[in-house]
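Each chain is listed here by its residues.
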Amino acid sequence: MKSRHRLTGRVIFRGDPGYDKARKNWNPFVDTFPLVFVFAQETRDIQNALSWACENNVPIRFRSGRHALDKGLSEVKDGIVIDVSEMKRIRFNRKKGIAIVETGSNVGPTVKALAREGYMLPFGDSPTVGVGGITMGGGIGLLQRSIGLISDNLIGLKMVDADGNLIQADHHRNEDLLWASRGGGGGNFGVNTEYVYKLHKAPEKATVFEIDWPWDQLETVFKAWQNWAPDVDTRLGTILELFSKKNGTLRSTGLFLGHKDELEKLLKPLKNAGSPTKVFVKMFTYPDAVDYLIPTQKIPGRADANKKFSSNWAQDLLPDEAIKVMRQFLEESQSEDTNFFFLNAGGALNQPSPNETAFYWRNAKFYMEWNASWTDRSDQARNLALVEETRLRLKPFVEGSYVNVPDQFIRNFGPAYYGTNFDRLQRVKAKYDPRNVFQFPQSIPPKYY
Ligand SMILES: Cc1cc2nc3c(=O)[nH]c(=O)nc-3n(C[C@H](O)[C@H](O)[C@H](O)COP(=O)(O)OP(=O)(O)OC[C@H]3O[C@@H](n4cnc5c(N)ncnc54)[C@H](O)[C@@H]3O)c2cc1C
């Protein structure tokens with residue numbers, strides 16, 4: 001390709017050594033065949049890649065941790081992928097209580113480095129997810145009830161826009177971009193190179209728990225969890241995973257920012273539900289608790305099978321009819337890794353108003369997602385249909401969806417991901433990407449004044 005602009009950084013074209021490794025994402029379902037990858041080493045490489053792509057009319061995607069859960073978000077066939085994963089510097093400013101993190105960093109190494117320094121930043125259930133993507137959509141996890149979402153702790157960022165300008169956003173400059181970047185979803189406004197997070201002092205100790213039950217106690221366990229988890233002490237974040245019948249496990253885990261004895265008391269309603277086969281409660285130093293919950297994994301990480309996810313928010317407790325839908329899904333799934341996953345809301349997550357940041361879902365009792373998994377292509381259509389059918393059957397009982405766990409079957413995606421924030425997000429999009437250069441499935445369409 002003859003071009004006035006030159007690609008810089010570590011550049012891998014289709015056919016070059018390393019191409020096959022470069023195109024592999026966590027979810028094999030989203031892998032495709034881009035024309036070229038640019039692994040940026042510095043901001044200038046991103047600017048050059050954008051100029052080159054615009055000159056040659058090549059579709060653009062950007063990528064950080066490779067954990068996009070649906071197709072076409074961080075890779076596009078015959079396009080350019082601007083990958084920031086080799087920009088991973090992390091700096092602290094203890095005096096200001098902030099961390100400055102390059103967007104190619106992964107969640108595990110970032111929060112573990114901070115924990116060793118005595119600080120907390122929210123994290124999710126996987127260490128290999130990139131901060132680049134997770135921060136933009138929210139970043140839910142076990143600390144959301146005590147210190148909010150990852151995006152609630154984002155106080156500044158640097159971004160390269162479609163024209164190659166380096167823009168800084170914080171509470172004093174480009175405040176609308178900061179607002180939009182706190183829940184508006186990755187890929188929409190520009191390539192972020194750096195995030196500034198507010199830090200919280202970590203407790204010296206924290207307590208972790210894990211309880212398992214036999215699968216046939218599904219209804220008893222789910223009801224006990226949903227009646228207890230949304231209103232329990234806000235220092236306790238808890239997950240419930242109902243795995244497929246084939247797998248046979250029901251498991252709840254959690255992180256409590258307090259003493260073991262106190263957690264033992266708080267856990268009573270859950271431990272008394274059904275007949276647990278395992279109850280594990282242990283107090284750790286805070287860094288060890290983080291290590292226990294998200295043990296170190298090889299980066300970038302890769303699932304063994306193709307996955308399709310969907311997600312939503314429960315504003316009310318789920319009635320028996322919805323629980324029946326969940327059971328049917330878990331009975332029909334042929335895979336052992338398939339599950340329904342729940343995370344309790346409330347506390348710091350629900351304190352801001354829905355319009356304070358772009359992250360809208362502030363009134364839920366809990367978050368939920370489910371996924372199907374397959375290796376053989378002939379099983380794909382059945383699994384996609386199973387996830388979609390379950391979404392439609394659950395719809396009367398739940399609200400919205402989580403943009404970081406997107407589902408391209410959702411047609412009216414704006415209100416589903418962003419509620420009443422969608423209109424403002426469209427205007428911010430029109431301001432920072434007026435030519436709509438950054439377009440992908442379910443990207444925010446610009447709305448001009
Ligand atoms: C195993 C696994 C566990 C997960 N657990 C959680 C969890 O506990 N909590 C949670 O909230 N989410 C979770 N997620 C969802 C996760 O937040 C999203 O998939 C997120 O988008 C991944 O970001 P990434 O940078 O790793 O992915 P990528 O595939 O690199 O990017 C995903 C999206 O973000 C955009 N993006 C990436 N980098 C940048 C950047 N520098 N600037 C602007 N946009 C960018 C991309 O363009 C793309 O649209 C999980 C996902 C997986 C696969």
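Everything numeric here is computed off the predicted structure, so don't read it as measured data.

**Things to note about the environment of Arg89**
For Arg89, the position within the fold is in the loop between strand S4 (80-83) and strand S5 (90-93). On the basis of relative accessibility, which here comes to 48%, the residue Arg89 falls in the partly exposed class. Sequence-wise, Arg89 and Asp161 are 72 residues apart; in three dimensions their C-alpha atoms are separated by 21 Å.

**Things to note about the sheet that holds strand S2 (residues 36-39)**
Spatially, S1-S2-S4-S3 is the arrangement adopted by the four strands of the open sheet, whose pairing is mixed. Among the strands making up the open sheet, the edge pair consists of strand S1 (10-13) and strand S3 (60-63). Averaged over all pairs of adjacent strands, the angle between their axes in this sheet comes to 20°, without regard to strand direction. Note that S1 and S2 share four bridges and pair antiparallel. What sits directly across from Ile12, in S2, is Phe37. Contacts from helix H2 (residues 43-56) reach S1, S2, S3 and S4 within the one sheet, and its direction differs from that of S4 by about 170°.

**Side note on the pairing of S2**
Here S2 shows a buried face lined by Val36 and Val38 and a second buried face lined by Phe37 and Phe39. As judged from the four bridges shared by S2 and S4, these two strands associate in the parallel manner. Bridged to Phe37 within S4 is Val81.

**Comments concerning the sheet that holds strand S17 (residues 339-344)**
Taken together, the seven strands give an open sheet; going across it, the order is S15-S12-S14-S13-S17-S18-S16, and neighbouring strands pair in antiparallel fashion. The open sheet is flanked by strand S15 (278-285) and strand S16 (306-314), the only strands paired with a single partner. Taking each pair of neighbouring strands and ignoring which way they run, the sheet shows an average axis angle of 15°. Bridge analysis of strand S13 (residues 236-243) against strand S14 (residues 249-256) gives seven bridges, and the strand direction is antiparallel. Residue Leu236 lies in a different strand from S14, and its bridge partner there is Phe256. Lying over the sheet, helix H10 (residues 286-293) contacts strand S12 (205-214), S14 and S15, oriented at roughly 140° with respect to S15. The strands that helix H12 (residues 380-394) touches are S16, S17 and strand S18 (366-374); relative to S18, the one it contacts most, it runs at about 160°.

**Here we look at the side chain of Asn188**
With respect to the helices, strands and loops of the structure, Asn188 is situated in the loop between helix H6 (175-181) and strand S10 (191-198). Owing to a relative accessible area of 1%, Asn188 belongs among the buried residues under this scheme. Engagement of the side chain of Asn188 in a polar contact is seen with the backbone oxygen of Gly185, the distance being 3.2 Å. At 2.8 Å, the side chain of Asn188 and the backbone nitrogen of Ile444 are in polar contact. If sequence neighbours within four positions are ignored, Asn188 has contacts with Tyr418, Lys429, Asp433, Phe438, Phe440, Ser443 and Ile444.

**As for the pattern of salt bridges**
Note that side chains of opposite charge can pair when their charged atoms are close. Tallied over the full model, the rule gives 33 salt bridges. Asp83 is the salt-bridge partner of Arg63, the closest N and O atoms lying 2.8 Å from each other. Of the two residues, Arg63 is situated in strand S3 and Asp83 in strand S4; the sequence distance between them amounts to 20 residues. With a relative accessible area of 3%, Arg63 lands in the buried category. The partner of Glu219 in a salt bridge is Arg327, with the nearest N and O atoms 2.7 Å apart. Highlighted residues: Glu219 in helix H7 (residues 218-228) and Arg327 in helix H11 (residues 320-332), separated in sequence by 108 residues. Each of the salt bridges in this network shares a partner with another, and the network as a whole consists of Asp70, Lys308, Glu388, Arg391 and Asp407.

**A look at the domain arrangement of the protein chain**
Reports of interface size often rely on the accessible area that becomes lost once the parts have come together. Domains assigned within the protein chain are domain 1 (10-83), domain 2 (90-202 + 421-432) and domain 3 (205-397). With centres defined by C-alpha atoms, the gap from domain 2 to domain 3 works out at 24 Å. Listed by partner, the interface residues are 36 residues for domain 2 and 43 residues for domain 3. Regarding the contact of domain 2 and domain 3, the summed buried area is about 3,000 Å², with carbon and sulfur atoms giving 65% of it. Applying the counting rule to domain 2 against domain 3 returns two salt bridges. Where Arg362 meets Asp152, a salt bridge forms, and the shortest distance between an N and an O atom there is 2.7 Å. For the pair domain 2 and domain 3, the number of links is 22 residue pairs in polar contact (both at pLDDT 80 or more). Where the side of domain 2 that touches domain 3 is concerned, the elements lending two or more residues are helix H3 (107-116), strand S7 (119-120), helix H5 (144-147) and H6. For the side of domain 2 that touches domain 3, the element with the most residues is H3, which contributes six residues. Taken together, the residues of the side of domain 2 that touches domain 3 break down into 16 nonpolar, 14 polar and six charged.

**Brief notes about the site of the ligand**
Around the ligand sit 30 residues, and of these Phe62, Ser64, His67, Asp125 and Tyr402 come closest. One of the backbone nitrogen or oxygen atoms of Ile140 is found 2.8 Å away from an oxygen atom of the ligand. The fraction of the free accessible surface of the ligand (940 Å²) that becomes covered by protein chains is 93%. Of all the elements in the fold, those that place two or more residues in the shell around the ligand are S3, helix H4 (131-137) and S10.

**Points about the packing of H7 against H11**
Relative orientation of the contacting elements H7 and H11 amounts to 130°, with a least axis distance of 11 Å. As judged from the angle between their axes, H7 and H11 are oblique. Classified by chirality, the crossing of H11 by H7 is right-handed. Where H7 abuts H11, its residues Leu218, Glu219, Phe222, Lys223 and Gln226 lie against Asp320, Ile323, Met326, Arg327 and Leu330. Classifying every residue of the contact of H7 with H11 by side-chain character gives five nonpolar, one polar and four charged.

So, how was this worked out
Residues numbered from 1 in each chain as written. Predicted model: local features only at pLDDT ≥ 70, side-chain atom pairs only at ≥ 80, totals over all residues. Heavy atoms only, no water. Helix = DSSP H or I, 4+ residues; strand = E, 2+ residues; numbered from the N terminus. Buried < 20%, exposed > 50% of the residue type's maximum accessible area, 1.4 Å probe, protein only. Pairing = 2+ DSSP bridges. Axes fitted to C-alpha atoms, helices over the stretch in contact; angles between N-to-C directions. Contact = heavy atoms within 4.5 Å. Polar contact = N/O pair within 3.5 Å; in protein donor to acceptor, adjacent residues only side chain to side chain. Salt bridge = Lys/Arg side-chain N within 4 Å of Asp/Glu carboxyl O. Domains from an automatic or database assignment. Buried area = accessible area lost by both parts, 1.4 Å probe. Nonpolar A, V, L, I, M, F, W, Y, C, P; charged D, E, K, R; others polar. Near = heavy atom within 4 Å. Areas by Shrake-Rupley, 256 points an atom, 1.4 Å probe, with all protein chains shown as cover. Parallel < 35°, antiparallel > 145°, perpendicular 65-115°, else oblique. Left-handed = near helix turned anticlockwise from the far one by under 90°.

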